[in-house]
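These are the residues of each chain, in order.
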Amino acid sequence: MKKIDRILNSELEKIKNQGTYKSERIIETAQKAEINVLGKKVLNFCANNYLGLANNPEIRKAAITAIEEWGFGLGSVRFICGTQTIHKELEEAVSNFLQKEDTILYSSCFDANGGLFETILSKEDAVFSDELNHASIIDGIRLCKAAKYRYKNCDMVDLENQLKKSSARIKLIATDGVFSMDGTIAPIDKIIKIAAKYDALVMVDDCHATGFIGSTGKGSGEHHNVLNKVDIITSTFGKALGGASGGFVSASSNIIETLRQKSRPYLFSNSLAPTLVVACLKAFEIINNDTGLISKLHDNTNYFRQKILEVGFEIKGNSHPIVPIMIYDAKKTVALSEMLLEKNIYVIPFSFPVVPKNQARIRVQLSSIHNRKQLDYAIEAFHDCGKTLNII
Ligand SMILES: *Cc1c(COP(=O)(O)O)cnc(C)c1O
């Protein structure tokens, strides 16, 4: 063994001993409400496939047609020979949807966040980041030279105290629109108010909101009736908007134009594949035509949240299709998820370090493609397993 293999091997052993080793479950079918895992049919309650578009027939058809018309790939970054008509169309569709001047596409939201901060902020500036922000925001901020402040999760008093300290040229508040371990929607309205008071900009990463949160699915800003006051929105095509991959930033023309000129993951990485672009255009068409998917998702969410409370479990959040079922004890959480899998319910247990110590939970995620029978079956399984394990 080479030296590096010996070192890494012992680190991997440590991860295993700590019980935080992540093994990947193999899915033997397409992404659906009912999938095959370990050779058997299970009900899937852990995908970010909120609107079921990951395997929607219209989206599939759009992707196939796209390959025929626009080809498989471009073999180029955007500014050399990687911008097709459809890339501009998708950017326009996102801008129209989110009511922003312009939009820039990235290979992922991780890249969008990674390329945002260092491009628009410099050392005269300051960024104020929620402590529970996604890893990609944290990494993006690390890359920039601005002064860095961190405020307690959704704590407006702490945010304001931090803002008071700064006399930076540009102040930028950065937050997840939805905190995905808690299923809570950030108080964007309050953040906007404080931002106005301290002349700060607001950036929202709306990955767990775009397409389904807010009355027409425009995200956490719309949910709080302040969509037009959010300066910068980043989000992903990899969750509700088809679930394939890709991300974007929507903001003022000047911000987007600057990103096109200088943002490194945009300049130095391949343009989005035509299949993704055309299928994502179709996703916006479906959402804009309001085919009832969004209300179905929220009906399912409200139903599940109410029933699981009635059964006796404790949950977090109040309206998001992420439903964290609090077990607190890490071992019990794993045992519950394993017992549920025996009953063909596929959910994931989360424990430290993904969530704070003694805050272990099972995160159920609802989708508009779940039907009542499936929800009832899951609730009954939770009830039975919860009783067996003395959780309820
Ligand atoms: C999923 C997620 C990302 C990453 O999105 P990708 O497009 O998969 O890279 C970034 N931020 C948040 C808040 C997310 O939930």
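Residues numbered from 1 in each chain as written. Predicted model: local features only at pLDDT ≥ 70, side-chain atom pairs only at ≥ 80, totals over all residues. Heavy atoms only, no water.

(A) The nonpolar core, seen in detail. By size, the foremost hydrophobic cluster in this structure holds 85 residues, and its most contacted members are Ile173, Phe237, Phe304, Ile325, Val364 and Phe382. Here the element with the most residues in this core is helix H12 (residues 274-288); it accounts for 10 residues. Residue contributions to this core reach at least three from each of two domains, namely domain 1 (19-48 + 292-388) and domain 2 (57-288). Membership of the second largest hydrophobic core comes to 22 residues, among which are Ala174, Met203, Ile232 and Ile256. (Core = buried A, V, L, I, M, F, W, Y, C linked by side-chain atoms within 4.5 Å. Buried < 20%, exposed > 50% of the residue type's maximum accessible area, 1.4 Å probe, protein only. Helix = DSSP H or I, 4+ residues; strand = E, 2+ residues; numbered from the N terminus. Domains from an automatic or database assignment.)

(B) Just the site of the ligand, in detail. Neighbouring residues of the ligand: Ser108, Cys109, Phe110, His134, Ser136, Asp176, Asp205, Cys207, His208, Thr236, Lys239 and Gly246. Separating an oxygen atom of the ligand from a backbone N or O atom of Phe110 is a distance of 3.0 Å. His208 places a polar side-chain atom, nitrogen or oxygen, 3.2 Å from an oxygen atom of the ligand. Partitioned by chemical class, the residues of the shell around the ligand number three nonpolar, six polar and three charged. (Near = heavy atom within 4 Å. Polar contact = N/O pair within 3.5 Å; in protein donor to acceptor, adjacent residues only side chain to side chain. Nonpolar A, V, L, I, M, F, W, Y, C, P; charged D, E, K, R; others polar.)

(C) Expanded view of the pattern of salt bridges. Going through the model one piece at a time under the given rule, you end up with 12 salt bridges. One salt bridge in this structure joins Arg260 and Glu91, with 3.1 Å as the shortest N-O distance. Taken together, the positions of Arg260 in helix H10 (residues 253-262) and Glu91 in helix H4 (residues 85-98) put the pair 169 residues apart, joining distant regions of the chain. For the pair Arg260 and Glu91, one class covers both residues: buried. Taking the shortest distance from any N to any O, the salt bridge between Glu124 and Arg169 comes out at 3.7 Å. Within this pair, whereas Glu124 is found in the loop between helix H5 (109-120) and strand S4 (126-130), its partner Arg169 is found in the loop between helix H7 (156-165) and strand S6 (171-176), the two being separated by 45 residues in sequence. One network of salt bridges, in which partners are shared, links Arg78, Lys88, Glu91, Asp102 and Arg260. (Salt bridge = Lys/Arg side-chain N within 4 Å of Asp/Glu carboxyl O.)

(D) Focus on the domain arrangement of the protein. Per the domain assignment, the segments of the protein are domain 1 (19-48 + 292-388) and domain 2 (57-288). The centre of domain 1, based on its C-alpha atoms, is set 28 Å off from the matching centre of domain 2. Counting residues at the interface gives 20 residues for domain 1 and 18 residues for domain 2. Broken down residue by residue, the surface that domain 1 buries against domain 2 is led by Asn48, Ile294 and His320, which jointly contribute 41%. Across the contact surface, domain 1 and domain 2 share one salt bridge. Between Asp182 and Arg361 there is a salt bridge, with its nearest N and O atoms 2.6 Å apart. Taken together, the links from domain 1 to domain 2 amount to five residue pairs in polar contact (both at pLDDT 80 or more). Elements with a minimum of two residues in the side of domain 1 that touches domain 2: helix H13 (293-311), strand S13 (322-328) and strand S16 (360-365). (Contact = heavy atoms within 4.5 Å. Buried area = accessible area lost by both parts, 1.4 Å probe.)

(E) Representation of the packing of aromatic side chains within the structure. The tally for this structure, following the rule as stated, stands at nine aromatic pairs. Here the aromatic rings of Phe128 and Tyr149 are separated by 4.6 Å at their centres, their planes lie at 10 degrees, and the arrangement is stacked. Taken together, the residues Phe128 in strand S4 and Tyr149 in strand S5 (residues 147-151) connect sequence positions 21 residues apart. Here the aromatic residues Phe45, Phe304, Phe313 and Phe382 are joined through ring pairs into a cluster of three or more. (Phe/Tyr/Trp six-rings, centres within 6.5 Å; stacked < 30°, edge-to-face > 60°.)

(F) Representation of the sheet that holds strand S12 (residues 314-315) within the structure. What the four strands build is an open sheet, ordered S12-S13-S16-S15; its pairing is antiparallel. For this open sheet the edge positions go to S12 and strand S15 (348-350), each flanked by a neighbour on one side alone. Here S15 pairs with S16 via three bridges, running antiparallel. Bridge pairing in S16 links Phe350 to Arg361. (Pairing = 2+ DSSP bridges.)

(G) Representation of unusual backbone geometry within the structure. That bond from Phe352 to Pro353 is cis: its omega, 10 degrees, falls within 30 degrees of zero. Mapped onto the fold, Pro353 is located in the loop between S15 and S16. Of note, Cys154 is a non-glycine position whose phi angle comes to about 55 degrees, a positive value. Locating Cys154 in the fold gives a position in the loop between S5 and H7.

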